[in-house]
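# Commentary on secondary and tertiary structure
Spelled out from the first residue to the last, the chains are:
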Amino acid sequence: MKDIMNASTMKTNDLYRQDKLFIAGEWVAPLDGRMADSIDPSTGQVWAQVVFAGTRDMDRAVDAANSALRGPWSKWSPAQRAALLRKIGEVIEANIEHLAQIETRDNGMLLSDARKNVQSLAQYWYYFSGLADKLEGRNIPVDDGYFAYTTRVPVGVVGAILPWNAPLQMVTWKLAPALAAGCTMVIKSAEQTPVSAYEFAKLIQDLGIPPGVVSIVSGIGAEVGRHLSAHPGVNKISFTGEHRTAMDIMRTGAVNLKRYSFECGGKAPHIIFDDANVDQAINAATHSAFALCGQSCALGSRLLVQRGAYDRVVEEIARRASKLRVGRPQDSATHMGPQAHQAQLSKTLEYIGIGQAEGAQLLAGGQRVSSSDLEGGYYVTPTVFGNVNNSMRIAREEIFGPVVSAIPFDSEEEAVAIANDTEYGLTAGLWTNDLGRAHRVSSQIQAGTVWVNTYRFLRWSIPYGGFKVSGLGRENGMEALDAYLQTRATIVGTNATYPDVFSV
Ligand code: NAD
């Protein structure tokens, strides 16, 4: 593959440079963009310089996506699209180490997690490859003399706006179903983590994709992200990020009544009943609080524990939190790496202060890590608050850092009420050995995903998305295709007659 820097052999002080945008199948200099620094959050140092697009560059990408939509891409058979998706999966699988190294440098996620994550992304491409030729319509029986059927057609040009917490995963979750459906896509990566999307473009550039089907441009959300949402040449926005940003996108996108899929934040209740297998629940609760340094929308950030198990669970999670090794994400001994950028570090520390001021009991963590070997990096200690009540801000607002708030409850009814007393509704977990309770409680939880006696189990084939402000539409699973398709009804008069209704 051309032009791919070898991240695995790149020395820490080498500067990665990407000065071209990927538009219409070519690497082009920006018309009105500029270069920007990308920071390695494990050191706080600039590790890459990357081009940011301007609004004219975005226009160029949208024009190319429209031309591709009406050009040869529209003639590709479903089987051809399926073959392309399969090839993309294979290319990802052949470059796991490279992509994982990039993701770790740019985002700070543990290298071990990044490897697993990239490996799993290939499966998403294979899954949607398998669905590309199964976009079937319906034959609808109607009156004699008419033949009615539906076809599912691509929604058109899609603008994808990505967050910084799982950059390449978000490229995959959006682009794979969009290409399976026959759409074209302009991808705007997050300003904090632009690199892996460009490296992905380098891997797929020689696979024979018609120019303009995929363009990749990074840039500032309030500038080019907004421009993309407002653009009349874009039919749909697929967005992952904050729900307040989603609301702004909805307002700016109203100009041509765009379609939307939104994956927004969460404040997941992770409920442990005292009849549960508490040891397993503790494992899951600790992992779900601190995985990805807390920068996951599925984080089990509100730990609801029934009074009989409360002390045991909370003491043990606090003990484990204080033992977790915070360190460089490339070090295989590290349990938790840095926050992905300076603003997120500040936000996490601010919420820790808010929790203390609100009177929650700080049981573990609560500071920026100050050891000399991690100097400059955005590290914070895994933090556990006890005796939280659900009206506190640390229980209501998404922190997106390694902070878990433990809330005691007495009855099943109270657990459900607390769980649902939030504007979010993305994920939830519950632990119980009572089968009836498992079904009873999971059916009352207002969330798009409910895990019972497990947590964080995600698959390409399982739909994922939110209730309430946590989102609109679903990613993954067959439902993901619905977001990129629209239905056309065709009605054929088979008698070749039409009555003279007005008879004048
Ligand atoms: P964000 O909303 O600030 O930014 C997300 C993207 O939107 C970025 O690319 C940004 O440049 C762009 N953007 C910002 N303002 C814009 C505007 N006015 N118009 C158009 N685009 C704009 O969110 P973030 O801080 O990058 O990401 C963290 C959030 O993402 C968290 O709330 C998290 O829960 C959520 N998230 C959700 C999921 C999920 O699947 N539900 C997954 C990952 C992250």
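Attention in this report is confined to the structure presented alongside it. Everything quoted here is computed from the prediction, not taken from an experiment. (Residues numbered from 1 in each chain as written. Predicted model: local features only at pLDDT ≥ 70, side-chain atom pairs only at ≥ 80, totals over all residues. Heavy atoms only, no water.)

### Looking at the overall build of the chain
Looking only at helices and strands, the chain features 15 helices and 21 strands. Relative to the compact-globule value of 23 Å for 504 residues, the chain shows a C-alpha radius of gyration of 24 Å, a close match. Projected onto its principal axes, the C-alpha coordinates of the chain cover approximately 85 × 55 × 35 Å. Taking all 504 residues of the chain together, the buried fraction comes to 57%. Both charge centroids of the chain, one from 47 positive and one from 51 negative side chains, sit 2 Å from each other. (Helix = DSSP H or I, 4+ residues; strand = E, 2+ residues; numbered from the N terminus. Rg over C-alpha atoms; globule rule 2.2 N^0.38 Å. Buried < 20%, exposed > 50% of the residue type's maximum accessible area, 1.4 Å probe, protein only. Lys, Arg positive; Asp, Glu negative; His and termini not counted. Charge placed at Lys NZ, Arg CZ, Asp CG, Glu CD.)

### A short note on the packing of aromatic side chains
Both the distance between ring centres and the angle between the ring planes are used here to describe each pair of aromatic rings. Scanning the entire structure with this criterion turns up 15 aromatic pairs. Arranged with centres 5.1 Å apart and planes meeting at 55°, the rings of Trp73 and Trp76 form a pair that is tilted. Classification of Trp76 by relative accessible area gives buried; the value is 18%. Both rings, one in Phe147 and one in Tyr149, keep their centres 5.4 Å apart while their planes meet at 35°; by these two values the pair is tilted. Of the aromatic side chains, those joined through ring pairs into one cluster are Tyr124, Trp173, Trp460 and Tyr464. Of note, Arg86 hangs over the ring of Tyr126, and the distance from its end group to the ring centre comes to 4.1 Å. A cation over an aromatic ring shows up here: Lys202 above the ring of Trp27, its NZ or CZ 5.7 Å from the ring centre. (Phe/Tyr/Trp six-rings, centres within 6.5 Å; stacked < 30°, edge-to-face > 60°. Lys NZ or Arg CZ within 6 Å of the ring centre and 35° of its normal.)

### Digging into the packing of helix α2 (residues 78-94) against helix α5 (residues 167-181)
Orientation of α2 relative to α5, taken along the N-to-C sense of each, is 160°, at an axis distance of 9 Å. What the angle tells us is that α2 and α5 run roughly antiparallel. Where α2 crosses over α5, the handedness of that crossing is right-handed. Counted together, Arg81, Leu85 and Ile88 of α2 and Ala176, Leu179, Ala180 and Ala181 of α5 form the full contact between these two elements. The residue inventory of the contact of α2 with α5, partitioned by class, reads six nonpolar, no polar and one charged. (Axes fitted to C-alpha atoms, helices over the stretch in contact; angles between N-to-C directions. Parallel < 35°, antiparallel > 145°, perpendicular 65-115°, else oblique. Left-handed = near helix turned anticlockwise from the far one by under 90°. Contact = heavy atoms within 4.5 Å. Nonpolar A, V, L, I, M, F, W, Y, C, P; charged D, E, K, R; others polar.)

### A closer look at the sheet that holds strand β18 (residues 427-431)
Hydrogen bonding along the main chain pairs the strands of a sheet, whether they run parallel or antiparallel. Within the open sheet, the seven strands sit side by side as β15-β16-β17-β14-β13-β18-β19. Their pairing is mixed. Unpaired on one side and paired on the other, β15 (361-364) and β19 (449-452) mark the two borders of the sheet. Between one strand and the next, the sheet's axes are offset by a mean angle of 20°, whatever the strand orientation. Direction of pairing for strand β16 (residues 383-386) relative to strand β17 (residues 403-409): parallel, over a ladder of three bridges. Its bridge partner lying in β17, Phe385 is registered against Ser405. Against the sheet, helix α9 (residues 278-290) makes contact with β13 (269-272), β14 (302-306), β16, β17 and β18, and its axis sits at roughly 165° relative to β13, the strand it touches most. (Pairing = 2+ DSSP bridges.)

Bear in mind that shape data such as this cannot, by itself, settle questions of function.
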